[in-house]
Amino acid sequence: VSKMYLAAKKNPILVPNSVVSNLQPTVKPLPPKPTPKAENVKKARSPAEVKSDGQTATFLLNGVQKVVSVGEFSPSMSLAQYIREVALLTGTKVSCNEGGCGACIVTVKKSKDDNPRSLNSCLCPVLICDGWEITTVEGLGNKQDGYHPIQAKLAEEGGSQCGYCSPGMVMQLYSWLQEHPNATKLEIDNILDGNICRCTGYRPILDAFKSFAADNHDFEMPDIEDLKLCKKSGQPCQGTCKERSSCHSKVDEDFQWFTPTNLEELKIVLQGLSDDIKYRFVSGNTATGVYKHDGPFDVFINVNKITELHTITVGEDVSFGANVKITDAINALETTDNEVWRGVAHHMRQIASYGIRNQGSLAGNLMMKHFHNDFPSDVFLSLETAGAVAEIMSKSGVVETVSISTLPTMDMDHKIITKIKIALSSQAKRTINKRKELNSLWTSKVHTPYSSAAGEWKYRSYKIMPRSSNAHAYVNAGFMALVDMAAGFKILNRPRIVFGGISSKFIHATSTENFLEGKNMNDHDIFVEALGILAEELVLDDEPGLATPVYRKQLALGLFYKFFLYVLGDSCTEEVRSGSYEIERSLTSSQQEWETDESQWPISKPVEKYEGKIQCSGEAEYVGDLPVKSGELHAAFVLSTVANCEIGAVDTSEALAMSGVHTYVDAKDIPGANEWKYGAEPEPIFSTGRSEYAGQAIGLIVADTQEIAIAAARKVKVSYQNQGTVVTDIEKAMEDSSRVAPAGYAMSYGDANAAISNADVVVTGRFKMGSQYHFYMETHVCIATPSDDGFDLELPTQDMATVADVVSKALNTSSNSVNIAVKRLGGAYGGKITLPTAVASAATIAANKVRKPVRLWVNMEDTMCMFGKRTPYLFDYEIGFDAERKIVGVKGDIYCDAGWTYNSVDSFFAQFFGQSCYHIPNLSFTPYGVKTTTQAHTATRAPGMVNGHAMLEYMIQQSAAEMGIEPLQLRENNLMFEGSPLLPIPMVLDGPCPIGDMIEKVKQSGGYDQRRQDVDLYNKSNKWKKRGLSMVPMRYGHFFKGFGIKYHCLISVFAGDGTISVTHAGIEMGQGINTKVQQVVANELGVDMDMIKIKPAMNVTSPNATVTGGSFGSELNCAAAIKACGILKSRLEATRKELDPSASWVDVIQAANQNNVDLCARYMFAPDTQTEVDGYNIWGVALTEVEIDILTGEKHIRRCDLIEDVGLSTSPLVDIGQIEGAFVMGLGLWTSEEVKYHPDTGALLTKNTWEYKPPAAKDIPEDFRVTLMKNSRNPKGVLSSKATGEPALLMGISVLFAIRDALDKSRQENGMSQGWWKLDAPATVEKIHQHAGINPLNFTF
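What you see as residue numbers is a count from 1 along each chain, following the sequence as written. Where totals are concerned, whole chains, interfaces and linings use all residues; where local detail is concerned, this predicted model gives features only for residues with pLDDT of at least 70, and gives and counts side-chain atom pairs only at 80 or more. Side-chain metrics in this entry use all non-hydrogen atoms of the structure; hydrogen atoms and water are not considered.

1. A word on the packing of aromatic side chains
Within 6.5 Å between ring centres, the rings of Phe, Tyr and Trp (the latter by its six-membered ring) count as paired, and their orientation is classed by plane angle as stacked under 30 degrees, edge-to-face over 60, tilted in between. With the rule as written, the count across this model stands at 45 aromatic pairs. Measuring from centroid to centroid gives 6.1 Å for Tyr462 and Phe479, while their planes differ by 65°, and the two rings are edge-to-face. Taken together, the positions of Tyr462 in strand β15 (residues 456-464) and Phe479 in strand β16 (residues 475-484) put the pair 17 residues apart, joining distant regions of the chain. The rings of Tyr462, Phe479, Phe499, Phe506, Phe527, Phe560, Tyr561, Phe563, Phe564, Trp1024, Phe1339 and Phe1341 are connected pair by pair, giving a single aromatic cluster. One residue, Lys369, lies across the ring of Phe380, its end atom 5.3 Å from the ring centre. A ring is scored as having a charge over it whenever the NZ atom of a lysine or the CZ atom of an arginine sits within 6 Å of its centre and within 35 degrees of its normal. The ring of Tyr622 has Arg824 lying over it, and the distance from NZ or CZ to the ring centre is 5.8 Å. Put simply, DSSP marks the helices as runs of H or I at least four residues long and the strands as runs of E at least two long, and each gets a number from the N terminus on.

Dropping the structure here:
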């Protein structure tokens, strides 16, 4: 069949012979359609003009031709999978596998005349790539042939920490510059709307990328053809050909695939589909990122080769072929001078991300709305608001024109959208007195586009999201009206008022539209009446995953008011005008300051991260990148879906019947202990009859491929019975005393009860803060391989010793039978301390059963559902002050949400941080654990620490409000001083407290006093935008004695050339531990850093090493390296004395080797037995300014000034990155990262990038200034340094208090009483709005 093909294994589509004969290659093309005027036609991004036999897709991958066939690959094989698993180019990463993180970005040029653009390869089927030129990060540069400037600059600026996101970041900028070689800094500042980085806080990435802007300086990009690429693989040439085996197996799916090249052929395909055939049109395939489980489908119809679906015509009207990509529609519309079209373009630019908009089509987005009416489609909303229509072709070729609003409920069976038109001219028919208009033009100095008699089209649409970008809307809204601006803003015809996010059926506010026709918009009484009508017709769905109906309704009414303010413009009073516009974010800027001592270099030198360049080039290898082993199988977890119940039966028959499935593994297959976390309550590897929480592991499916394993796991049928009460909220759980238990011993000193009872001012309160997902970009994975002495495990873990211990007990074998090596982690943040043991033990049990290597990769959804996150907290407290506003006593009951078991309660540790920076003469803390029916929570960056610090700072904030003074004033009045008591007693502050000086430094450098005045003035002038300012200090007690911490370091010197290899017990996960160790070894041995290589951590060299966490790893492994270097230098001393003083390092080493000196030195550093180091305090101050939109709840962090005491930084570039990344992670904790559960089943609802929103690049402070305090060397630390991994996260609470400061002003203006009011965390967009005190009676003009 010409240019169409059929890969059918059963039930082939019946196409009449006469039709088939007419579709042979000799078929004549259809007569050409009339061509629109050239000036009105824009070149569309059409599919490639390549010859294809219709049964294969041929494309170039890094300049190397690849051919894929339908018989070999299925529609479920994504381009990312092909790149990684078949082409074996593992620089392209897969993390979320739903287009929400950007790790999979590649550059695609779809035809010879096309512009290269970024694309999320995890969503794109490889079968649609015919004619494409695809470039991956390997195609840009590498260590052998030289790095691309983007790769080099990103590494140089410290923009790569764990490195997992770096290839996607590089490719996003590379793609943008290919299409926009003259890109400005502001444009580049906005291109990372779909790329997530948890490590860096984005700032160094943005700084690196903006250096390539045309308005910065010119950069000439090298041509990728200049690189030596292997003609077989598309990888950088290594000089020798070495084959890696592919882990892709032949497809065994029943499906049919068509690729018609015009509408006539498409019509024939549709005619051949029987009514019982389930089919899918394939365009960009981006819908699968949201709705992963649609299907299965019998037939796939690739519409990307149909030329008619790609046309764009702009004239009096605008017309799009249905398959026009969203980016192309935006580009065509925003260059016009038409307000409506520009408004549609502006709204569409808020859809998802560049990678998604570049691939997703208009019709594809509309059909998502059709199949899922509750989908808040922004394409649908913006087009329907503009009055667009769609042309629908049936299988018989009949074309009908319908309004966009009919598409959600229209019968689209055997039909396809072919064209979309915004026929504004037909709506905007104006009855104009031509003679009067001529007279007006004769006397006027400038031309006005519309006469006042005719009216003016006013269009505005809004999308209110949980964060700045790449998020679905809480509510989206569109308004369009023809308004006579000179006649009381009269609406000349029926306006269009469209909402999304209200309910699955709600589209138009019909009653409100009808009422407003012919009304004057400047008549406030009319507005109030219309507002009431709108309120009555907004009937909202109430689903547990959505924002509350109250918020969504009020938000919709606020957006309606915004539209009125926009139209009325300067006729409104000045104070309310700010309600009409969006919060504007300017170009991101930053400053970094630190101290360095050149006499100690490379110590304190700002060097590039050791692995930086190979991470940015995709050469850095993570566990999931490792080549497939001979006979390797894949596994997927079977998880429960209901909490607190018994498991009735597990039916695996359907799963085991699938081709490619080998076996099912459960608790019966465990030779030893069924436990992966040893505690008071066993946490089973596989459940044995109960589902404690939704997401608990029941078993594993083992299959030939990952896809088969995942699909089969979904086919396992689990029945549940005897469900108990589901409680997912800590406050609700506390109502049942049986769910509350003490969590370690209480800490106290003095007499807090007496002090508070005698205080002049006593403040009591309750504060609640939520959970947080780690969001490591590299999700959990383990490759377990049976070996001749046990099992070899490759996995990303922070704790090798515990993994070996747990796995050996599960397998009923010895610990030395478990061999572990860890090269690097793609992020961790505490989430890879205990959790990997569950994955490692399950994978090893499976490998033991099948006696083959088993690769268990846990996708992001399963990771989020299966494993715990940051422990939520609730605090009940009392604090007393004397007449001088000095703290006299503090009491706190600290409640930690444990999840279903108390094993990981960390409220005990929260006590240590509950003093913050303040002098508290009497104190009593009591820690508790609270059981809920969720996953057992686990350590997350600064576990307990951020909670304890927040508790005391929240007390200060409330106390200041109740006393009627500035919070900063109360803080400064109560700062610690030398001799202040510290927990645990009898510790005291043994030196001066620097926090007062640090506050003064930030006041001066941050212009605090002037900004306070500016904020107050702004708030007085703007009713609907408010700004807030908050300064919060921090003390982070870093004490590591008494915990049994130990780290090993082994240094090996090669006599041939004197080069050095180092393996230490620390795990590199982005924190720069390898970089610091390399600097230390170079300094101690007096060699260049490039002579040193850091090798993977191994449990054979570090069998009993402590977990790398708690910010201990970097400095203590450096200490171990110093000691090992000392041993080596001692051994070399005699040889040095034998040689000339000018002898080089290599000379000394070669001579020592000839003298049989041991050139391998090892040391275990245990701070419990070392006198060189001791615990110390880390101090910091953050000043944060925010702006919020009172009508929507949206926030914008305008500026942050942060100073932290890090001693003398061992590696300033690394430490700056750690501080910024930790602080931004804290911003997420306090604002956008909300965890929700289903109230009935206990299932996690925020389980993917569609629902869970860590900060994006535009959520960081617009102006971000970080200073490492100078002249503060630490005599107790390693090389005068201090830890940096976690402390800055504590200062993130400054954003919560800044938001509160802004809300205070709104509440006062809206007539609410001054003083204290409760704001729990996170302060989401919804919560900000709901605490603003909005009263619709204040919707004035």
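More follows now that the structure is in view.
2. Some details on the sheet that holds strand β2 (residues 56-61)
Any two strands are treated as partners once DSSP identifies two or more bridges connecting them. An order of β3-β2-β6-β4-β5 is seen for the five strands of this open sheet, with the pairing classed as mixed. Edge positions in the open sheet fall to β3 (64-69) and β5 (117-120), since each of these has one partner strand only. Ignoring strand direction, the axes of neighbouring strands in this sheet form an average angle of 35°. The pairing of strand β4 (residues 105-109) with strand β6 (residues 133-135) spans three bridges and is antiparallel. Residue pairing across strands places Lys109 opposite Glu133, the latter belonging to β6. Packing of helix α4 (residues 166-179) onto the sheet brings it into contact with β4, β5 and β6, and relative to β4 it is tilted by some 25°. Inter-axis angles, ranging from 0 to 180 degrees, are taken between N-to-C directions of lines fitted to C-alpha atoms, where helices are fitted over the stretch in contact. We call two residues contacting when some pair of their heavy atoms lies within 4.5 Å.

3. Some details on the side chain of Ser980
Structurally, the position occupied by Ser980 is in the loop between α28 (967-972) and α29 (995-1005). Buried, partly exposed and exposed residues are distinguished by accessible area as a fraction of the type maximum, computed with a 1.4 Å probe on protein chains only: under 20%, between the cut-offs, and over 50%, respectively. Given the relative accessible area of 0%, Ser980 is considered buried. Distance and chemistry together define a polar contact, namely a pair of N or O atoms within 3.5 Å, with one atom able to donate a hydrogen and the other to accept it when in protein, and with adjacent residues in sequence counting only for side-chain atoms on both sides. Here the side chain of Ser980 touches His919 through a polar contact of 2.8 Å, side chain to side chain.

4. A short note on the pairing of strand β24 (residues 697-703)
Of all seven residues in β24, seven are buried, a share of seventy percent or more. Sheet topology places strand β20 (residues 633-639) next to β24; six bridges connect them, and they run antiparallel. From the neighbouring strand, Ala636 faces β24, where its bridge partner is Ile701. Relative to β24, strand β22 (residues 661-665) is paired through four bridges, and the arrangement is antiparallel. Note that in β24 the partner of Val661 across the bridge is Ala703.

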